[in-house]
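Structure at a glance
Chain residues, written in single-letter form:
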Amino acid sequence: MSLRRTKPIGRLYDAVADHDLVLVPDAPLADAINRRLDRPHLGTFAVTPRRLATGRREPAEDRTAFLDVIEDSDYSWKRTARTIGDVIQSWEYEARPGAILEYDRFDTPEVRDILESVRALDTTSKRLTEYAIDPGIDVAVVAEPQFTPLERSILPADYDRIDPFTDEAFEHPPFRVFESPTAIVDALVDAINAETADDVAVVLDAGSEYSTLLESALESAEIPFYGGPGFTDDTDVRALLRLLRIAFAGSDIRVADVRPVLNRLGADPSIEHDRKRVTALEDPAVEWIQTFVATADSKTFGEALSEYEAAVGTSLARFREELRELDVHDEPLTADIVDDVAFYLDSYEVPIDRDNEGVLLADATAAGFVDRPVVFFLGLDDGWVRGSPERPWVDSDDAYERNRDRFEFLLQSGTERHYLVQDTAGGNPVTPCLYFEDLLESDYERFSDLPSVRHRRPDQSMGDGFAHEPVAEDVGTTSHETLSQSSLNSYVNSPRDYFFDQVVDSPDRDYFREGNLFHDFAECYVEHGNRIDEATIDELAAEMVDELSPYVRPVEDETRRTRFEIGLRNIAEFIDFHPPEATDIDASTGWGTNFVADYLGLDIESPVTEQWFEDADLGTKGLIDYVQSPTHLVDYKTGSKKSRRAVVKNSAIEEPTDTPDYQALLYLTYQRRQRPGERLSFTFVHFLENLDDVITGDADPADLLTTVRYYPEPFADFVASGSAYDELCDGYSDCRGTFEALGYETYATVMGDLGFPDADRDEIRDSEYADALVAAVEAAVPPDIDADVEKGCDQAIRALAGLRERNYFESDLDAFEAFLDERLTELNDRLATGERFPVDGLGEEANERYLNHRDLLLNDD
């Protein structure tokens, strides 16, 4: 089927004008018909059944029933609300108050109790049940299928049915496709002003991001609107409820959790504190919250409200009135009462006084018609689907058809209509509202598959609101001369995530602070190891736990202390076995403060710890934890240990892995500039790797270390070197026996003549090179050696390929220098030209585990 054209309001009025009473399913439709009444009429003309029966605007009977029933009910608020909802809903669909008891699972003492309470109240359902239209009145009913059984129960025996649809097809306007909700809202607000606001309605999913974006944009543009935010959307109501929940949530609440409250208090602690526990943070900005939380259980709800009003400088008189309605205003604060009030506000719409002026905001899941000349429909996605109650008294097929028809009617509201949609969100297609499957005679997966207009260029057809102005070209970019290893890792994984690292502040993390404390100890121990004994380590561990208290719950203190004690001892043991040697590294010392040195009253002047380097010519910068010798650099790690092969693999530049890590490669490249022609080493000390082994008494210090080496020569030359030969003679038995018999001089000649292929080890083992190596070695060794030459050569190929995979050679660092230069050039070109930074880096896809700003990233699609 396709969309059926609805009758214009004027035509609907003409169809019902001669009747005494007109019943319609929606109050806005009744108002629209009444506004066109062109003759004197005594009493009600167009009206909904509920308003007719009550003689007033339709109150939310489930809320009013709840307020009455809880006064005498011993059931929980949630159970009471759920049962009241079921009673009223079954009454609506069965047109009888006690129909719910005909379903066995609802025939319970609780339901019977609440049913009797509800039946005794003066509810809309009760009035509808008792109401009867005078038989002498000429009645017209518009869209009768939209009425519920209870609403139909008041209809007289004889009335005229008016179909709101015609036999004609409705050619809907094209979907206007935008790139984001923000783009939609910006274009919409640009198309409206304060003078035209009364002529405009916007239909949207009230629970979507469109709602908050549009309300904020209209407020900023000083364009009046109504029908949008409800009572619970009030900033102070939300902030107070958050504060009260925090008061009973324990000691693990973080500063980020109370940001909305801090904003209302006019406090703005640095974002670096966001991950710290509120109760442990020493900052004047949170002192009022700390005091409020600490004394919350000694206050009544009303007293807490008064304290909040005084602190913020506001009045929440309507909220106080609602607390009195709920009979909790003078009750002592408890977690249960706070949860009950929050549940009540989430479940029921509390009425508020509004000025009905300006842009009308209508909820797509509640409205059936809006009477404005210009109507904008935002989103039109799955959020527009109206839910059908999953109860035995509800016919799901009938409910679906009724909701679909209301959707079809709603889409034709207004004389000028605009459908503003997204085609993709987060890289995935936006699914059009389910009802389109029945209403449109075409196959589609997204809005762009249907008649649509994409808004990426200025479009004057809808006024200035749908035009775009180019950004000024001179935006003052800054070029980068160097990259640190962490920046390079981030840029290779996701250039856009790297970009946000530069422009968005991030909170301190517990693991950063913990790592810094371990690094401070290592720096201090190198210079003052003779001043730090076992007792001092225990004392420092306790102080470090206290230093982490803003981040860590007290229940974790003992575990953290053990973690510190083991980690500090591992670092001390490593430094004892690897004391510093004289160095002439070109780097600067005195980097930052040192927690351990300050606590112990010591000065740090070591030229081998925490050495900062920066080389604009090479394009590198960084901080070396420990220069153990001029040719041996050390970095301390809290994370899990990686093998030498993994370290080298993760620094690949031709085909980067999804876990890029260029630290060892970058630091060795810098150190090569300082020590050209020398072999260099880089060691990762994973000082927390053996926690379990220390506790069980099976710890081996060697398990903490991963050392990769740089050989200042091409790998082909290295293969023929004495170092490579020694490795083979220290290998498997057949390899050792074969090459000991061959001798180094012959080995060097054979390897020098044959070279070594730059290929995967398995490819080499199956290549002509392997055959040539076996032939050359067999020709040079005695025929009666106690080794299998073919097997020995195969083991040698595997060993040499393994050396290639676990170390760096001259070509690796040469290629990395070129790679680093390419990245800097690419980065600066993007900054200078304003090119959008892509989400995915040099690998096939950005690794989400290593993204710092996942919530800010949208795919390029």
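Owing to the predicted nature of the structure, the values given are computational and were not obtained by experimental measurement. (Residues numbered from 1 in each chain as written. Predicted model: local features only at pLDDT ≥ 70, side-chain atom pairs only at ≥ 80, totals over all residues. Heavy atoms only, no water.)

On to the overall build of the protein, then. Each helix and strand in the protein was counted, giving 35 helices and 21 strands. Relative to the compact-globule value of 29 Å for 861 residues, the protein shows a C-alpha radius of gyration of 38 Å, a clear excess of over 25%. If one aligns the C-alpha atoms of the protein with their principal axes, the spans along those axes are about 125 × 65 × 60 Å. Scored against the burial criterion, the 861 residues of the protein give a buried share of 49%. In the form shown here, the protein has an accessible surface area of approximately 41,400 Å², with 43% of it arising from carbon and sulfur atoms. (Helix = DSSP H or I, 4+ residues; strand = E, 2+ residues; numbered from the N terminus. Rg over C-alpha atoms; globule rule 2.2 N^0.38 Å. Buried < 20%, exposed > 50% of the residue type's maximum accessible area, 1.4 Å probe, protein only. Areas by Shrake-Rupley, 256 points an atom, 1.4 Å probe, with all protein chains shown as cover.)

Take the packing of helix 5 (residues 77-94) against helix 16 (residues 335-347) next. Each pair of packed helices can be described by the angle between their axes along with the distance between the axes. Two numbers describe how helix 5 lies on helix 16: the axes approach to 10 Å, and their chain directions differ by 25°. Between helix 5 and helix 16, the crossing angle belongs to the class labelled roughly parallel. Two secondary-structure elements touch here, helix 5 through Trp77, Lys78 and Ala81 and helix 16 through Asp340, Val341, Phe343 and Tyr344. Of the residues assigned to the contact of helix 5 with helix 16, the class counts are 5 nonpolar, no polar and 2 charged. (Axes fitted to C-alpha atoms, helices over the stretch in contact; angles between N-to-C directions. Parallel < 35°, antiparallel > 145°, perpendicular 65-115°, else oblique. Contact = heavy atoms within 4.5 Å. Nonpolar A, V, L, I, M, F, W, Y, C, P; charged D, E, K, R; others polar.)

Looking now at the pattern of salt bridges. Here the structure, examined in full by the defined rule, presents 55 salt bridges. The residue Arg402 makes a salt bridge to Asp398 at a minimum N-O spacing of 2.8 Å. A residue pair is termed a helical-turn pair when its members lie 3 or 4 positions apart in one helix, as Arg402 and Asp398 do in helix 17 (residues 396-410) at 4 residues. Asp762 is the salt-bridge partner of Arg765, the closest N and O atoms lying 3.5 Å from each other. Pair noted here: Arg765 and Asp762 are both in helix 32 (residues 761-765), with a separation of 3 residues, about one helical turn. (Salt bridge = Lys/Arg side-chain N within 4 Å of Asp/Glu carboxyl O.)

With that settled, consider the nonpolar core. Judged by nonpolar contacts, the single largest core of 78 residues is most densely connected at Leu23, Phe66, Phe319 and Val341. Among the elements that line this core, the one with the most residues is helix 11 (residues 235-247), at 8 residues. When neighbours within four sequence positions are excluded, Phe319 is seen to be in contact with Phe231, Leu240, Leu241, Phe301, Leu305, Val341 and Leu345. (Core = buried A, V, L, I, M, F, W, Y, C linked by side-chain atoms within 4.5 Å.)

With that settled, the discussion passes to the sheet that holds strand 7 (residues 175-178). Strand order in the open sheet formed by 7 strands is 9-10-8-11-12-7-15, and the pairing between neighbours is parallel. The strands lining the two open edges of the sheet, one partner per strand, are strand 9 (225-226) and strand 15 (452-454). Bridge count between strand 11 (residues 374-378) and strand 12 (residues 416-422): 5 bridges; the pairing is parallel. The residue bridging Phe376 from the neighbouring strand is His418, located in strand 12. (Pairing = 2+ DSSP bridges.)

A few words now on the pairing of strand 10 (residues 359-363). Strand residues, when the strand is regular, have side chains that alternate between the two faces of the sheet. Across the 5 residues that make up strand 10, a large majority, 4, are buried. Relative to strand 10, strand 8 (residues 200-204) runs parallel, the two being bridged by 4 bridges. Note that in strand 10 the partner of Ala201 across the bridge is Leu360. Here strand 9 pairs with strand 10 via 2 bridges, running parallel.

Pairing is parallel in the open sheet, where 4 strands are placed in the order 3-2-4-5. At either margin of the open sheet sits one strand with a lone partner, and together these are strand 3 (46-47) and strand 5 (160-162).

What follows deals with empty space enclosed by the protein. In total, this model carries 1 cavity of 30 Å³ or more according to the counting rule given. Considering only enclosed or pocket space, the largest cavity measures out at about 40 Å³ in volume. Every residue lining the largest cavity is listed: Ile246, Gly250, Ile253, Val278, Thr279 and Val293. (1 Å grid on protein atoms, 1.4 Å probe; cavity = no way out; pocket = protein on both sides within 12 Å on 5 of 7 lines; lining within 4 Å. Points joined across faces, edges and corners; volume = space filled by probe spheres on them.)

Turning our eyes to something else, we now look at the packing of aromatic side chains. Each aromatic ring pair is specified by the distance between its two centres and by the angle formed by the two planes. For the structure shown, the criterion picks out 44 aromatic pairs. Ring centres of Tyr13 and Phe45 lie 6.3 Å apart, and the angle between their planes is 65°; on these two criteria the pair is classed as edge-to-face. Of this pair, Tyr13 sits in helix 1 (residues 9-16) while Phe45 sits in the loop between helix 2 (27-34) and strand 3, and the two are 32 residues apart along the sequence. Per residue, the accessibility class of Tyr13 equals that of Phe45, and both read buried. Geometrically, the ring pair formed by Phe377 and Trp384 is tilted, given 6.3 Å between the ring centres and 45° between the ring planes. What makes Phe377 buried here is its relative accessible area of 0%. (Phe/Tyr/Trp six-rings, centres within 6.5 Å; stacked < 30°, edge-to-face > 60°.)

What follows concerns the environment of Thr638. Mapped onto the secondary structure, Thr638 falls in the loop between strand 18 (632-637) and helix 25 (644-649). Note: C-alpha distance between Thr638 and Glu325 (313 residues apart in sequence) is 56 Å. Filtering out sequence-adjacent residues up to four positions away, Thr638 remains in contact with Glu514, Gly515, Phe518, Phe687 and Leu688.

Before going further, it helps to examine the pairing of strand 7. A two-sided burial pattern is seen for strand 7, the buried positions comprising Phe175 and Val177 on one face and Arg176 and Phe178 on the other. The pairing of strand 7 with strand 12 spans 4 bridges and is classified as parallel. Its bridge partner being in strand 12, Phe175 is matched across the sheet by Tyr419. In this structure, strand 7 lies alongside strand 15, joined through 3 bridges in parallel fashion. Each residue of the ladder has a partner; that of Phe175, found in strand 15, is Ser452.

What follows is about a negative patch on the surface. A cluster of acidic side chains, namely Asp68, Glu71, Asp72, Asp74, Glu303, Glu325, Asp327, Asp330 and Glu331, defines a negative patch on the protein surface. Among the secondary structure elements, Asp327 is positioned in the loop between helix 15 (317-325) and helix 16. Relative accessible area serves as the criterion here: at 62%, Asp327 is assigned to the exposed category. (Patch = residues over 30% accessible without salt bridge, like charges linked within 9 Å, V, L, I, M, F, W, Y side chains within 5 Å. Lys, Arg positive; Asp, Glu negative; His and termini not counted. Charge placed at Lys NZ, Arg CZ, Asp CG, Glu CD.)

A word on unusual backbone geometry. Even without a glycine there, the phi angle at Ala143 is positive, about 60°. Structurally, the position occupied by Ala143 is in the loop between strand 4 (139-142) and helix 8 (149-152). For Asp327, which is not glycine, the phi torsion reads 65° and is therefore positive.

Next up on the list: helix 4 (residues 61-69). Among all positions in helix 4, only Glu61, Arg63, Ala65, Phe66, Leu67 and Val69 are buried. Looking at the buried residues of helix 4, the elements they touch are helix 3 (49-54), helix 5, helix 6 (109-119), helix 7 (124-130), helix 15 and helix 16.

Viewed as axis vectors pointing N to C, helix 33 (residues 768-780) and helix 34 (residues 789-806) meet at an angle of 125°, and their least axial separation amounts to 9 Å. Judged by the angle between their axes, helix 33 and helix 34 are oblique. The two elements helix 33 and helix 34 meet at a crossing, and its hand is right-handed. Mapping the contact onto sequence places Tyr769, Ala770, Leu773, Val774, Val777 and Glu778 in helix 33 and Val789, Glu790, Cys793 and Ile797 in helix 34. A breakdown of the residues in the contact of helix 33 with helix 34 according to their chemical character gives 8 nonpolar, no polar and 2 charged. (Left-handed = near helix turned anticlockwise from the far one by under 90°.)

On to the state of the cysteines, then. Scanning the entire structure with this criterion turns up 0 disulfides. Cys735 provides the cysteine sulfur closest to Cys729, a residue in no disulfide bond, and the two sulfurs are 7.3 Å apart. (Disulfide = S-S within 2.5 Å.)

One full turn of an α-helix is made of 3.6 residues, so residues set three or four places apart face in the same direction. Its 12 residues give helix 26 (residues 663-674) an end-to-end C-alpha distance of 17 Å, which sits within 8% of 16 Å, the value for a rise of 1.5 Å per residue. With 10 of its 12 residues buried, helix 26 lies for the most part within the structure. Taken as a whole, helix 26 has its buried residues at Gln663, Ala664, Leu665, Leu666, Tyr667, Leu668, Thr669, Tyr670, Gln671 and Arg672. (Expected span 1.5 Å × (residues − 1).)

It is worth spelling out the side chain of Glu565 at this point. Within the secondary structure layout, Glu565 lies in helix 23 (residues 557-577). Beyond its immediate sequence surroundings of up to four residues, Glu565 is in contact with Ile537, Asp538 and Ala541.

A few words on the confidence of the model for the protein. The predicted model of the protein has a mean per-residue pLDDT of 88, with 94% of residues at 70 or higher. Taken element by element, the protein is modelled with least confidence in helix 20 (residues 495-503), mean pLDDT 83, and with most confidence in strand 19 (residues 680-686), mean pLDDT 97. In the model, residues 457-476 has pLDDT below 50 throughout and makes 27 contacts with residues more than four positions away in sequence or in other chains. (pLDDT = per-residue confidence, 0-100.)

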